[in-house]
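# Overview (structure and organization)
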Amino acid sequence: MEIKFDHELDCSGLSCPMPILKTKKAVDALSAGQVLKMIATDPGSTADMEAWTTKTGHELLSASEEGGKYIFFIKKV
Amino acid sequence: MATENSNRLAIIALHGTLDLAYPPLILTTAALALDMEAAIFFTFFGLEILKKGNADKLKLAPIANPAMPMPVPNIVGVIPGMTAMATGMMNSWMKKANVARLSELLDLAVEGGVRMIACQMSMDVMGIKKEDLIDGVEIAGAAAFLTYASQNAITLAF
């Protein structure tokens, strides 16, 4: 099922810690309940996004990998 | 050691080499993304990271560094040009992996509110003046760092 999102952020090519810094900025700009789609190519981003959502309390709706691209849907609480 | 749910990161940066300047800046900027607060206490050669326009000029030492991918015997490492060569190699790997430059991470840390504390005593010893350092730096001593760190901080030194 395709997840609806309100904003898309492409972090392709960026290395740690830039994807989480950019994700934080993007989620801060959303309203509660809105969803961010984030795309990364850093394989470490899977563990980092899990950790980041656990710490910040935002909801990681989905994390998947497709042809070297890591795709995350994060719902702002 | 921090107790559970620490929300504060306190790092001591002791070295002014390319490889050792990265961890304090990566970890403190990551802390900002995690809604944590962070401080770095720059002491002795760590102050080189804070010198205006210096962050991207830091070098990697091939001497006494047996972990170099192409091991450089110390006797070779002392030859003029070897430090520049090792530095150029590391910079090219970092660029290839798309890692942010030290100056970018430094700007992000300062803009994001990481407390950048320059050690007064080290500045006196090394003849470094406030105006030699980037804007946004505070100058303080060990007590200031320990007071900050004593409030349930994760503490690390590089």
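As the structure is a computational prediction, the values presented were derived from the model and not from experiment.

## Section: the overall build of chain A
The helix and strand tally for chain A stands at 2 helices and 4 strands. Across chain A, helices and strands are ordered from the amino to the carboxyl terminus as β-α-β-α-β-β. Here the C-alpha atoms of chain A give a radius of gyration of 11 Å, agreeing with the 11 Å that 2.2 N^0.38 yields for 77 residues. Along the three orthogonal principal directions, the C-alpha set of chain A runs to about 30 × 25 × 20 Å. Across the 77 residues of chain A, 32% fall into the buried class.

## Remarks on unusual backbone geometry
Looking along the chain, the bond that leaves Cys16(A) and enters Pro17(A) is cis, with omega of 5°. Within the element layout of this structure, Pro17(A) appears in the loop between β1 (7-11) and α1 (18-28). Positive phi values are uncommon outside glycine, yet Asn98(B) reaches one of about 60°. With respect to the element layout, Asn98(B) can be found in the loop between α3 (82-96) and α4 (102-111). Judged by local crowding, Asn98(B) falls into the partly exposed class, with 13 C-beta atoms found within 10 Å. The phi angle at Asn152(B) is positive, at roughly 60°, despite the residue not being glycine. Residue position: Asn152(B) is located in the loop between α6 (142-149) and β5 (153-157).

## Quick notes on the sheet that holds strand β3 (residues 115-119) of chain B
Residues and elements named next belong to chain B. Spatial ordering of the open sheet is given by β4-β3-β2-β1-β5, a layout of 5 strands whose pairing is parallel. The open sheet has two edge strands with one neighbour each: β4 (137-140) and β5. Neighbour-to-neighbour, the strand axes of the sheet open up by a mean angle of 25°, direction not taken into account. Summarising the sheet, strand β1 (residues 8-13) and β5 pair through 5 bridges and their orientation is parallel. By the bridge assignment for β5, Ile12 is matched with Ala157. Running over the sheet, helix α1 (residues 18-33) touches β1 and β2 (37-42) and is turned about 165° from β1.

## Considering the sheet that holds β1(A)
All names here are of chain A. Reading across the sheet, the 4 strands line up as β1-β2-β4-β3 and stay open at both edges, with mixed pairing between neighbours. Two strands close off the open sheet at either side, each with one partner strand: β1 and β3 (59-66). Across the sheet, the mean angle separating the axes of adjacent strands is 15° when strand polarity is ignored. With 7 bridges connecting them, β3 and strand β4 (residues 69-75) associate as antiparallel partners. Paired with Ala63 across the strands is Phe72, a residue of β4. Here α1 sits on the sheet in contact with β1, β2 (35-40) and β4, set at roughly 165° to β1.

## Concerning the interface of chain A and chain B
Frequently, the measure chosen for interface size is the accessible area removed from exposure when the parts meet. With 12 residues of chain A at the contact, the number on the chain B side is 11 residues. At the level of elements, α1 and α2 (45-56) of chain A are the ones that each hand at least two residues to the side of chain A that touches chain B. No other element matches the 4 residues that α1(A) contributes to the side of chain A that touches chain B. Residue composition of the side of chain A that touches chain B, grouped by class: 7 nonpolar, 3 polar and 2 charged.

## A short note on the nonpolar core
Residue and element names in this part refer to chain B. Counting 52 residues, the largest nonpolar core has Ile40, Phe41, Phe42 and Ile117 as the members making the most contacts within it. It is α1 that contributes the most residues to this core, 8 residues altogether. Look past the residues within four positions of Ile40 in its chain and what remains in contact with it is Ile11, Ala13, Pro24, Thr28, Val114, Met116 and Ile117.

Reading the values: the criteria
Residues numbered from 1 in each chain as written. Chains lettered and ligands numbered in written order. Predicted model: local features only at pLDDT ≥ 70, side-chain atom pairs only at ≥ 80, totals over all residues. Helix = DSSP H or I, 4+ residues; strand = E, 2+ residues; numbered from the N terminus. Rg over C-alpha atoms; globule rule 2.2 N^0.38 Å. Buried ≥ 20, exposed ≤ 12 C-beta atoms within 10 Å, placed from the backbone. Pairing = 2+ DSSP bridges. Axes fitted to C-alpha atoms, helices over the stretch in contact; angles between N-to-C directions. Contact = placed C-beta atoms within 7 Å. Nonpolar A, V, L, I, M, F, W, Y, C, P; charged D, E, K, R; others polar. Core = buried A, V, L, I, M, F, W, Y, C linked by C-beta atoms within 7 Å.

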